[in-house]
Amino acid sequence: MLLIILPGCVHRQFVTQPYPRWGEEIPINQANDANPLILRLMRPAEPIHASACVLLVHGMNEYIGRYGEIARYFAQRFIVAGFDLYAHGLSNPMLQQADQALTAGAARQEVGDAYLAQTRLHDLEPMRQGLSQALRHLILLCNEQDKEEKPNKPVFIVSHSLGALIAASYLLSTENTHDSAMRVQGIVLLGPAFSVSEVPGWRGWLANPFIKLSFHAEEHFLNPQNEPLPLLIVNQLMSLITVPLLDGLFEVLSWPGLRTLFTPVTPDWVVDYLSDSEAEKAEIRADGWFIRRNLLRYVKGIEAEVVRFRRHMNTFAIPYYLIYSGRDPITPAWGNEDFARVTQQNHPDNALLPLPELSHHEHLFSSQPLRDELLKKIEQWLDQRVLSWNQEKTTRP
């Protein structure tokens, strides 16, 4: 059914301008002779007086280069860094080669096959590894600024959508076991991917029952939910059939030869719900640095990651500021509400900002004045956490 609704096709996509850069570029060497991970860094005029360090984490199919204005806003008072997640932006080999060609003077480069970098994404571990590298390097840079005063600046993550899921799952899996994760004193979660999409309009009448069936089966697969015994048996039987069948189907359709035909192109409704600004929507539609197709293996890996995170999210203890739209179909509100219900009491600085009447997904790319209002609220929450952290530091033995 998904293949009927969102069919793959011959898809051509071009970039005509070099990758939009901001800040200082710092290459981070990787194993297996892979291309370096590029960390972008922006500092205040007097870095030593920065009260904290902030890592920006972008969402699915976008890239950190478009966050230049956001980085400049936070860099007035904080040391700010960002990077491209695995298979995105300059972490995508095809997009990196296109940027090099454009920088050398080429008029345009075709990047329609950039989605093929998703072939390793049976799960999101490569993305978590990139996050870990970027976070570790940012902490080292923060420590360099701490030599004279304000030792051990607190580190925060400001994350969006799939990037928020990756960051949250990383912190959950490494909390109290990894130095980098222990240094993080808070995370801003903007429209986090704690739920699966709900297709709007007439397409949703066809697609949503199948999306919900797949998610329900994945949640119950070998994982009882304290339901009555007859229902438990039904759910387990359904899951034992549905999950391997869909996993196998999505895997086969991601193989060479088949993936060209069966990899869906991002539908128009997704862009319609990214921003409430018509000008921003037009920019996104014209922006060739966005990935426009998603390998089905990758889509199934994201669903499995959502399920895995939800099973353990009640133990999430990092202070957070959760911002979400009540009518967002890309990451529906029920995932955020579930998360808040089981975690809000875990820390006194946890804060929620539901926007019940809004439907758009990219809050940092909202129209004005909402965009500035949200940036200010995030800054105020970061200031509160810095104050709390400084108070905690003075009371430690």
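Please refer to the structure placed before this passage.
These lines cover the structure that appears in this document, whether it is placed above or below. (Residues numbered from 1 in each chain as written. Predicted model: local features only at pLDDT ≥ 70, side-chain atom pairs only at ≥ 80, totals over all residues. Heavy atoms only, no water.)

1. Describing empty space enclosed by the protein
Part 1 of the argument: Applying the stated criterion across every chain, the model contains two cavities of 30 Å³ or more.
Part 2 of the argument: The calculated volume of the largest cavity comes to roughly 50 Å³.
Part 3 of the argument: Lining the largest cavity, in full, are His 11, Gln 13, Leu 95, Val 111, Gly 112, Ala 114, Tyr 115, Phe 290, Ile 291, Arg 292 and Arg 293.
Part 4 of the argument: Here the residues of the lining of the largest cavity are counted per class, giving six nonpolar, three polar and two charged.
Part 5 of the argument: Size it by volume and the second largest cavity reaches roughly 40 Å³.
Part 6 of the argument: Around the second largest cavity, the lining residues are Tyr 67, His 160, Leu 190, Glu 362, His 363, Leu 364 and Phe 365. (1 Å grid on protein atoms, 1.4 Å probe; cavity = no way out; pocket = protein on both sides within 12 Å on 5 of 7 lines; lining within 4 Å. Points joined across faces, edges and corners; volume = space filled by probe spheres on them. Nonpolar A, V, L, I, M, F, W, Y, C, P; charged D, E, K, R; others polar.)

2. Structural notes on helix α8 (residues 229–252)
Part 1 of the argument: Here α8 is 24 residues long and its end C-alpha atoms lie 34 Å apart, about the 34 Å a rise of 1.5 Å per residue gives.
Part 2 of the argument: The sharpest bend along α8 reaches about 25° and sits at Ser 239.
Part 3 of the argument: All of the buried residues along α8 are Asn 235, Gln 236, Ser 239, Thr 242, Val 243 and Phe 250. (Helix = DSSP H or I, 4+ residues; strand = E, 2+ residues; numbered from the N terminus. Expected span 1.5 Å × (residues − 1). Bend = angle between axes of the 7 residues up to and from the residue. Buried < 20%, exposed > 50% of the residue type's maximum accessible area, 1.4 Å probe, protein only.)

3. Looking at the pairing of strand β8 (residues 184–190)
Part 1 of the argument: Taken across its seven residues, β8 has seven buried, putting it largely inside the fold.
Part 2 of the argument: As paired strands, strand β7 (residues 155–160) and β8 are joined by six bridges and run parallel to one another. Opposite Ser 159, over in β8, you have Leu 189 as the bridge partner.
Part 3 of the argument: Taken together, the four bridges between β8 and strand β9 (residues 320–325) define a ladder with parallel strand orientation. When the sheet's bridge partners are listed, Ile 187 is paired in β9 with Tyr 320. (Pairing = 2+ DSSP bridges.)

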